[in-house]
Amino acid sequence: MNVTVLAIFDEFNHNASLAKVMKERLIRLAAELQNVHLKSFTSLKPLSEDIVIYISYNPKYTIRWRIVNDVPSFVEAEVANICALLNYIPWKTSSINVFKQS
């Protein structure tokens, strides 16, 4: 299984006094999550499948995470356990407005 963890800077205040440090920290944490904490996933079969995880800061600068592709439930549960041990919180997604055609 291919594991990819991406640092996302959507609600990040790029003008904050510590912006550069916080950005570098988030990039480092994404690499650490991918290469250390989720390394065991690379040997899961089928090896051709992918798991893509986004991490970001929430408005209170807590690290949050979410899986952005379809994965088996046991993989999702294991990622949730690992992230909980790291004190990362699940990323609550906002509802998407869907327009209905008349």
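Below you will find a few notes about this structure. Bear in mind the structure is a predicted one, so any value in this text is a computation, not a measurement.

So, on to helix α2 (residues 73-85). Between the first and last C-alpha of α2 there are 18 Å, a value that for 13 residues agrees with the 18 Å anticipated at 1.5 Å per step. Along α2, the positions that sit buried rather than exposed are Val75, Val79, Ile82 and Cys83. For α2, the angular spread of buried residues about the axis comes to 95°, placing them on one side. Of the exposed residues in α2, those oriented more than 90 degrees away from the buried face are Ser73, Phe74 and Leu85. Tucked into the core, α2 has its buried residues touching α1 (19-37), β2 (50-57) and β3 (63-67). Backbone geometry just downstream of α2 places Asn87 in the positive-phi region, at approximately 65°.

Tallying each qualifying case throughout the model produces 1 aromatic pair. A cation sits over an aromatic face here: Lys23 above Phe9, 5.4 Å from the ring centre. The ring of Trp91 carries Arg66 above its face, with NZ or CZ at 4.2 Å from the centroid.

Conventions we followed
- The numbering scheme is per chain: residues are counted from 1 as the chain's sequence reads.
- Local features are withheld for residues below a pLDDT of 70 in this predicted model, meaning they are given only at 70 or higher, and side-chain atom pairs are given and counted only at 80 or more; totals for whole chains, interfaces and linings count all residues.
- The side-chain numbers reported here are obtained from all heavy atoms of the structure, hydrogens and water having been left aside.
- Under the DSSP-based scheme used, a helix requires at least four consecutive residues in state H or I and a strand at least two consecutive residues in state E, with every element numbered from the N terminus.
- To estimate the expected span of a helix, count its residues, drop one, and scale the result by 1.5 Å.
- When accessible area is computed with a 1.4 Å probe and restricted to protein chains, residues below 20% of their type maximum are described as buried, those above 50% as exposed, and intermediate ones as partly exposed.
- The arc in question is the one traced by the directions running from the helix axis out to the C-beta atoms.
- Any two residues whose heavy atoms approach within 4.5 Å at even a single point are treated as in contact.
- Any two of the Phe, Tyr and Trp rings considered here, Trp counted by its six-membered ring, make a pair once their centres fall within 6.5 Å; the pair's planes then place it as stacked at under 30 degrees, edge-to-face at over 60, or tilted in between.
- Whether a charge sits over a ring comes down to the Lys NZ or Arg CZ being within 6 Å of the ring centre and within 35 degrees of the ring normal.

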